Amino acid sequence: MRTSLELFRGFLREQSDPEACYALLARHSVDQVEAYGGAVAGRTVVDVGGGSGYFTAEFRRRGAQAWLFEPDARELGERPPEGAVVADGYLLPLRDGAADVTFCSNVLEHVADPQTFLSELVRVTRPGGLVYVSFTNWLSPWGGHEWAPWHYLGAPRARARYERRTGRPAKHTLGENLFALHIGPTLRQVRARDDVTLVSARSRYWPFLTEAIVKVPGLREVATWNLLLILRRCPV
């Protein structure tokens, strides 16, 4: 509960103090990776879509050999991590099985073909390695991102409201760089794959019953807020 409250307070300060917010989220996320896969020290970690590098920095702080692959150079900011690569997540410039851990935070809802994107994450993970994938599901209260929760009334209306209220264009447009991704279909597709084992499907931020809530159809689409999938690549 304490951790969830800290994250919630951090998210409230995202606009005024993004560095503190994302540093906190990075620590929490790497804690989750280590809870499922052990200490990351000495391991090779691939951070796909990690923006300005908060996750990569935290992995490195804990002794991992971490590398950031970000498709949008603008998201890297003024001081990207050393060795950051501008690369398409659909086609990563890495050999098969290069990573012990492949990490992808809140990217899946921004790609048009999430299953092909997921296949690339699996490809670059070694057999037995861990894949960490989280996304904000569409029916979550935060599903519309900057124009949430008004997306419940329809994306065009929510986007127009945001632009009227702020006087600036919204960052996201449904069907272009934000897609209505749902938990039920995603879980069915992941479970049908023969290249990964689903270790855990849980709410990323929820303080209790993190896995139980994901098992309840309908309710999970709203109450989960953000789905975390922990996958392990199957032996070749």
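Residues numbered from 1 in each chain as written. Predicted model: local features only at pLDDT ≥ 70, side-chain atom pairs only at ≥ 80, totals over all residues. Heavy atoms only, no water.

### What about a nonpolar patch on the surface?
Worth spelling out the cut-off: Patches here are clusters of residues that have more than 30% relative accessible area and form no salt bridge, with a 9 Å joining cutoff for like charges and a 5 Å cutoff for nonpolar side chains (Val, Leu, Ile, Met, Phe, Trp, Tyr). For the accessible areas, the method is Shrake-Rupley and the probe is 1.4 Å, while residue cover comes only from the protein chains on display. Salt bridges are defined as contacts in which a side-chain nitrogen from Lys or Arg sits within 4 Å of a carboxyl oxygen from Asp or Glu. For each residue, the accessible area found with a 1.4 Å probe, counting protein chains only, is set against the maximum for its type, and the residue is called buried under 20%, exposed over 50%, and partly exposed in between.
Where nonpolar side chains cluster on the molecular surface, the patch consists of Leu139, Trp150, Tyr152, Leu153 and Val222 and spans about 440 Å² of accessible area. Taking the relative accessible area as the measure of exposure, Trp150 reaches 36% and is therefore partly exposed.

### Regarding the pattern of salt bridges
If the charged atoms of two oppositely charged side chains come close together, the side chains can form a pair. Formally: Secondary structure elements follow DSSP: runs of H or I of four or more residues count as helices, runs of E of two or more count as strands, with numbering from the N terminus.
What the rule picks out here adds up to 11 salt bridges. Where Lys171 meets Glu75, a salt bridge forms, and the shortest distance between an N and an O atom there is 3.1 Å. Placement of the pair is Lys171 in the loop between α5 (155-166) and α6 (183-191) and Glu75 in the loop between β2 (65-70) and β3 (85-86), with a sequence separation of 96 residues. For Arg193, the salt bridge identified is with Asp195, shortest N-O distance 2.8 Å.

### Focus on unusual backbone geometry
Looking along the chain, the bond that leaves Ala148 and enters Pro149 is cis, with omega of 0 degrees. Here Pro149 is to be found in the loop between β5 (125-135) and α5. Located in the positive-phi region is His145, a residue other than glycine, with phi close to 55 degrees. For His145, the position within the fold is in the loop between β5 and α5.

The values are spatial; any link to function lies outside them.
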